[in-house]
Amino acid sequence: MDFGIPEEEKMIVEGLQRFNDQVSVPLEKAHHELFNNGRYTYDEDGREVPKVQELKRQVRMEAAKAGYYTIILPKELGGGGRGALTTFNVWELLNSAYGPEYELPHLSVSHWAQGPGPFLLGLKDPYRSEILPSLSSGEKSAAFCLTEPDAGSDAWNMKTCAVRDGDDWVINGTKQWMGNGPYADYLIVFAITNPELAAARRGGISCFFVDAKSPGFSTSVIRIWNLIGGIHGILSFSDVRVPHSHLVGELGQGFRQAISQVSIGRLMNTARCVGLSQWALRKATKYSQERIAFNAPISANQGISFQLADCAIELYAAKCMGLHLAYLIDKGERAVKETAMAKAYSTEACFRIFDRAIQVFGGMGVTNEVGLFKGMAVARTTRIADGASEILRRTIAQELFRGNLD
Ligand SMILES: Cc1cc2nc3c(=O)[nH]c(=O)nc-3n(C[C@H](O)[C@H](O)[C@H](O)COP(=O)(O)OP(=O)(O)OC[C@H]3O[C@@H](n4cnc5c(N)ncnc54)[C@H](O)[C@@H]3O)c2cc1C
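Throughout this description, residue numbers start from 1 for each chain and increase along the sequence as written. Only residues with pLDDT of at least 70 are given local features in this predicted model, and only at 80 or more are side-chain atom pairs given and counted; all residues enter the totals for whole chains, interfaces and linings. The side-chain values count all of the structure's non-hydrogen atoms but skip hydrogen atoms and water molecules.

**A word on the nonpolar core**
Residues enter a nonpolar core if they are buried and are Ala, Val, Leu, Ile, Met, Phe, Trp, Tyr or Cys, with the set joined through side-chain atoms within 4.5 Å. Only protein chains enter the area calculation, which uses a 1.4 Å probe; residues under 20% of their type maximum are buried, those over 50% are exposed, and those in between are partly exposed. In this structure, Leu120, Phe144, Phe190, Phe209 and Leu372 are the most contacted members of the largest nonpolar core, which totals 85 residues. Note on conventions: DSSP H or I runs of at least 4 residues are helices, E runs of at least 2 residues are strands, and numbering of each starts at the N terminus. With 14 residues, helix H8 (residues 254-290) is the single largest residue contributor to this core. Those residues within four positions of Phe190 in sequence are excluded, and the remaining contacts are Phe144, Cys145, Leu146, Met158, Thr160, Lys175, Ile205, Ser206, Cys207, Gly254, Gln257 and Ala258. By size, the runner-up hydrophobic cluster in this structure holds 19 residues, among which are Ala143, Cys145, Ala212 and Val240. Here a residue-residue contact requires only that any non-hydrogen atoms of the pair lie within 4.5 Å.

Shown next as structure tokens:
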């Protein structure tokens, strides 16, 4: 599909694919068992073994040297300063070209919450200059710590608090669901600093940049989708001391910061689901033309070809929404309603597309070999992470009632 994407954007995407074809994919193929057999991927506690972490770091660092890892990072932070359109294009490419089959290519562009991201603009020097090089080079990684056991969709309900003690803040609380949480070197932690304002939902939540080596910090792995290990964590803070100079942004303004970061995640997830849908549709279309039943390719049956057509319709709609959203963000608009609509639609459509693709594949569709179930699990998860579909519909309805009807 040609969407009139500027030549410069196409060159970035082609270069990124070349990088991954030449670096990440051969590396992952050389360690196939390590990435595809949970017995080798994880240790007894469900953590990725050091070799997996080492290979991920290697890809991040090589991608950083090649200029892709920080391509979206603001120029003030030494990044490429590319905007929402590039964000959409690179995440679409990574998922369309490598789908759920490969893990390492997905590390070649910094994830907004797990590598260097715009939140670093809120850190002051000299601390920012101290930590930025190791994050930007891909050597170190981060985790975004907003959600708690009793504060998911309703993040204002958080209990984690930070109390001032001299030049430090002392953090206590439990965070849950952090992607990269068990492995991160740095934690972007949201905590209540003014209980009255936080209870009134008028502020009082602040953001801190915490070194994961701090005494009092511990983490364990959350296992999902029947895997024996994982990348998500429960993070505990017991009297963790953080210098005041590690405050991110203004005191008490953390909630607004969190929402603006999550919005980047919603654009990224839109692109991810468009890419994954392309991957699944290509696979299902090809298979339907090759698989013979009743002496003819199964594609000759409308029961199959119409399912593929439905996938194509939804994919086109999701891509149009994602690209339009990127255009609005690059124009400087907040695009609250469009962000919610694009994320809700693309993630739900992606799940339906994987479901149909599995049906087209018949029994093969549920094998580990084809990888469709893995993609379906990713698609299913994106309907919850970075704002569940219901919360997005709540946001859309609020915008409608405010008069934002067009
Ligand atoms: C794989 C994964 C990765 C994640 N990564 C991170 C991360 O890196 N950092 C981080 O901070 N968090 C992360 N999260 C947390 C994620 O943002 C939350 O799971 C999400 O916001 C939903 O919160 P919850 O799970 O507590 O569900 P709940 O808030 O308990 O909601 C349960 C159900 O009720 C619905 N619901 C709640 N309120 C309403 C309402 N008012 N109207 C209608 N329906 C409602 C929800 O939509 C959902 O269907 C991750 C989650 C997952 C699953």
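Still more to cover.
**Some details on the site of the ligand**
In the vicinity of the ligand, 17 residues are found, and the nearest of them are Phe144, Thr147, Ser153, Trp177 and Glu390. Polar contact is defined as a pair of N or O atoms within 3.5 Å, subject to the rule that within protein one atom must be able to donate a hydrogen and the other to accept it, and that residues adjacent in sequence are counted only when both atoms are side-chain atoms. Backbone polar atom of Trp177 to a nitrogen atom of the ligand: 2.9 Å apart, as the coordinates give it. Within the side chain of Glu390, an N or O atom sits 2.6 Å from an oxygen atom of the ligand. Each accessible area is a Shrake-Rupley estimate made with a 1.4 Å probe; only the visible protein chains count as cover when residues are assessed. Within the complex, 63% of the 970 Å² of free accessible area of the ligand lies under protein. For the shell around the ligand, the elements supplying multiple residues, two or more each, are strand S3 (168-179) and helix H12 (389-401). Note on residue categories: nonpolar means Ala, Val, Leu, Ile, Met, Phe, Trp, Tyr, Cys or Pro, charged means Asp, Glu, Lys or Arg, and polar means any other residue, Gly included. For the shell around the ligand, the residue count by class is 8 nonpolar, 6 polar and 3 charged. Any residue with a non-hydrogen atom lying within 4 Å of a molecule or strand is treated as near it.

**Let's talk about a nonpolar patch on the surface**
Patch definition: residues above 30% relative accessible area lacking any salt bridge, with like charges linked at up to 9 Å and the nonpolar side chains Val, Leu, Ile, Met, Phe, Trp and Tyr linked at up to 5 Å. Salt bridges are defined by distance alone: a side-chain nitrogen of Lys or Arg within 4 Å of a carboxyl oxygen of Asp or Glu. Residues Leu400, Phe401 and Leu405 make up a contiguous nonpolar surface patch of about 360 Å² in total accessible area. Inspection of the secondary structure assignment puts Phe401 in helix H12. Classification of Phe401 by relative accessible area gives exposed; the value is 74%.

Don't take any of this as a statement about function, it's just geometry.
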